[in-house]
Amino acid sequence: MKYDFDEITDRRNTGAMKWNVGEDELPMWVADMDFQTAPEIIEGLNQRVSHGIYGYTELNEQWYEAYRAWWQKRHGFEIQKEWLLFCTGVVPAISSIVRKMTTPAENVVAMTPVYNIFFNSILNNGRNVLENRLVLKEGNYEIDFEDLEKKLADPQTSMLLLCNPHNPVGKIWDRDTLERIGEICWKHHVLVLSDEIHCDLTAPGTEYIPFASVSEKCRKNSITCVAPTKAFNLAGLQTAAVIVPDENIRYKVNRGLNTDEVAEPNILAAIAPAAAFEKGEPWLDELREYLFENRRYAENFITDQIEGIRPVSADATYLLWLDCRGLLGNSSELCRFLRAYTGLILSDGREYRDGGGFLRMNLACPRARLEDGLKRLVSGVREYQRWIVERC
Ligand SMILES: Cc1ncc(COP(=O)(O)O)c(C=O)c1O
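So, a few notes on the structure that sits alongside this text. Bear in mind that the values here come from a model prediction, so they are computed numbers and not experimental data.

As for the site of the ligand
Step number 1: The immediate surroundings of the ligand are formed by Ala31, Gly89, Val90, Val91, Pro92, Tyr115, Cys163, Asn167, Asp195, Ile197, His198 and Lys230.
Step number 2: Asp195 places a polar side-chain atom, nitrogen or oxygen, 2.5 Å from a nitrogen atom of the ligand.
Step number 3: One of the side-chain nitrogen or oxygen atoms of His198 is found 2.8 Å away from an oxygen atom of the ligand.
Step number 4: Contact with the protein chains removes 88% of the 400 Å² of surface that the ligand exposes when unbound.
Step number 5: Ranked by residues supplied to the shell around the ligand, first place goes to helix α3 (residues 90-101) with three residues.
Step number 6: For the shell around the ligand, the per-class residue count stands at seven nonpolar, three polar and two charged.

Focus: the sheet that holds strand β4 (residues 128-133)
Step number 1: Ordered in space as β2-β10-β9-β8-β7-β3-β4, the seven strands form an open sheet in which the pairing is mixed. Edge strands, defined here as strands with exactly one partner in the open sheet, are β2 (84-87) and β4. Neighbour to neighbour, the strand axes of the sheet diverge by 25° on average, direction disregarded.
Step number 2: Two strands pair when backbone bridges link them, and strand β8 (residues 191-195) and strand β9 (residues 222-226) are joined in this way by four bridges, in the parallel orientation. Along β9, the bridge assignment pairs Leu193 with Ile223.
Step number 3: Where helix α5 (residues 145-153) meets the sheet, its contacts fall on β3 (107-112), β4 and β7 (157-163), and the angle it forms with β4 comes to roughly 160°.
Step number 4: The strands touched by helix α8 (residues 247-259) are β2, β8, β9 and β10 (240-243); relative to β2, the strand with the most contacts, the crossing angle is about 15°.

With respect to the packing of aromatic side chains
Step number 1: Applying the stated criterion across every chain yields a total of 23 aromatic pairs.
Step number 2: Measuring from ring centre to ring centre gives 6.2 Å for Phe77 and Trp83, while their planes differ by 40°; the resulting arrangement is tilted. For the pair formed by Phe77 and Trp83, the shared burial category is buried.
Step number 3: Ring pairs connect the aromatic residues Phe5, Phe35, Trp63, Tyr64, Tyr67, Trp70, Trp71, Phe86, Phe232, Phe277, Trp283 and Tyr290, which therefore count as one cluster.
Step number 4: One residue, Arg367, lies across the ring of Tyr290, its end atom 4.5 Å from the ring centre.

Focus: the environment of Met111
Step number 1: Summarising the element assignment, Met111 is placed in strand β3.
Step number 2: For Met111 and Pro311, which are 200 residues apart along the polypeptide, the C-alpha to C-alpha distance reads 20 Å.
Step number 3: If sequence neighbours within four positions are ignored, Met111 has contacts with Asn132, Leu134, Ile143, Leu148, Leu160, Leu161, Leu162, His166 and Ile181.

As for the pattern of salt bridges
Two side chains carrying opposite charge are able to pair once their charged atoms lie near each other.
Step number 1: According to the stated counting rule, one finds 28 salt bridges in the structure shown.
Step number 2: Linking Lys137 and Glu142 is a salt bridge whose minimum nitrogen-to-oxygen distance equals 3.4 Å.
Step number 3: Judged by relative accessible area, which is 46%, Lys137 ranks as partly exposed.
Step number 4: What makes Glu142 partly exposed here is its relative accessible area of 31%.
Step number 5: Between Asp323 and Arg325 there is a salt bridge, and its shortest N-O distance comes to 2.8 Å.
Step number 6: A cluster of three or more residues bridged by salt bridges with shared partners is formed by Arg11, Lys18, Asp32, Asp34 and Arg369.

Quick notes on the rules
- Residues numbered from 1 in each chain as written.
- Predicted model: local features only at pLDDT ≥ 70, side-chain atom pairs only at ≥ 80, totals over all residues.
- Heavy atoms only, no water.
- Near = heavy atom within 4 Å.
- Polar contact = N/O pair within 3.5 Å; in protein donor to acceptor, adjacent residues only side chain to side chain.
- Areas by Shrake-Rupley, 256 points an atom, 1.4 Å probe, with all protein chains shown as cover.
- Helix = DSSP H or I, 4+ residues; strand = E, 2+ residues; numbered from the N terminus.
- Nonpolar A, V, L, I, M, F, W, Y, C, P; charged D, E, K, R; others polar.
- Pairing = 2+ DSSP bridges.
- Axes fitted to C-alpha atoms, helices over the stretch in contact; angles between N-to-C directions.
- Contact = heavy atoms within 4.5 Å.
- Phe/Tyr/Trp six-rings, centres within 6.5 Å; stacked < 30°, edge-to-face > 60°.
- Buried < 20%, exposed > 50% of the residue type's maximum accessible area, 1.4 Å probe, protein only.
- Lys NZ or Arg CZ within 6 Å of the ring centre and 35° of its normal.
- Salt bridge = Lys/Arg side-chain N within 4 Å of Asp/Glu carboxyl O.

Coordinates in, geometry out; function isn't part of it.
Structure representation (structure tokens):
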């Protein structure tokens, strides 16, 4: 390997949200990575910073071309320049689009368990969340299409918020599934907002399929949010793109992003995508190998050492979704117990509306840190099980 993902970089005292924790605590929650980004990207950003003038900034041609070329080369999807809009993040884009493209009290369908902030973007804007619960069958998540269609057919439903690949379960939706979703949404006049921020973090040898690339109906009836921030660990730069192939929808989305003042880049947000997509590819491919080695290591370790927790296998993201329903007790309490007893901080599945029984672990860290986290998990779970038995 050319890049050293084993290297430990201290993130304390850098303002990192994830690391704003106690001295002996180990955060494996917030979805960013404990790796420095690609040296080629750091160099590109350094050059801009050392210029020394940080005035108002516009996108340049390279920004559009970087997205276009990357999606064509990596994901086999032809994006046209005019389809692309800048936004200061995927979450600001989702909130703005919910506001602009739906009306208060309407329903937005989300497939749960799902990225918790989706609920904020819907509820904070006075819309309702309609949950289409994913079904876990023999370790694999599937969509309950009967339920989905019922919810999309509700006259008060105006949007489906899709997560592709899906956080937290790490699923890449296949072409047939996406096409079927596209057909049902078209039939019931429901707009699809597809969050594809995790799309470059697939297992080596696997590919994600952009929703808009699947059919004419999917293309015309969708808005897609993408960014280099998850894959290249640039989330703090606040940069994303919104892809809107349909001209009428695009006009409205563009108005919404501008009205909400989330349509203008800071100096680094303007150049980071080109730095990442043009120079970061070799780093990303090594990162994916490393992350999926981490995943294999964690899955084997947990399966061997902890009876009662089943890791859900996944082909995308660096998030490990742990099915803890075989343990005694309650997973929210376990999450609190792990932090208090071992210092390990995981995310409680309830945040994602999991129905109870799941935890999420962020695997994007050097192997030594992962080993530390797994040891804490084993000792914490054992102690929690003892404590539950004694309490009874
Ligand atoms: C599915 C999903 N969408 C969006 C985001 C955040 O996007 P941004 O930082 O661009 O607002 C995350 C972060 O974890 C995520 O998992």
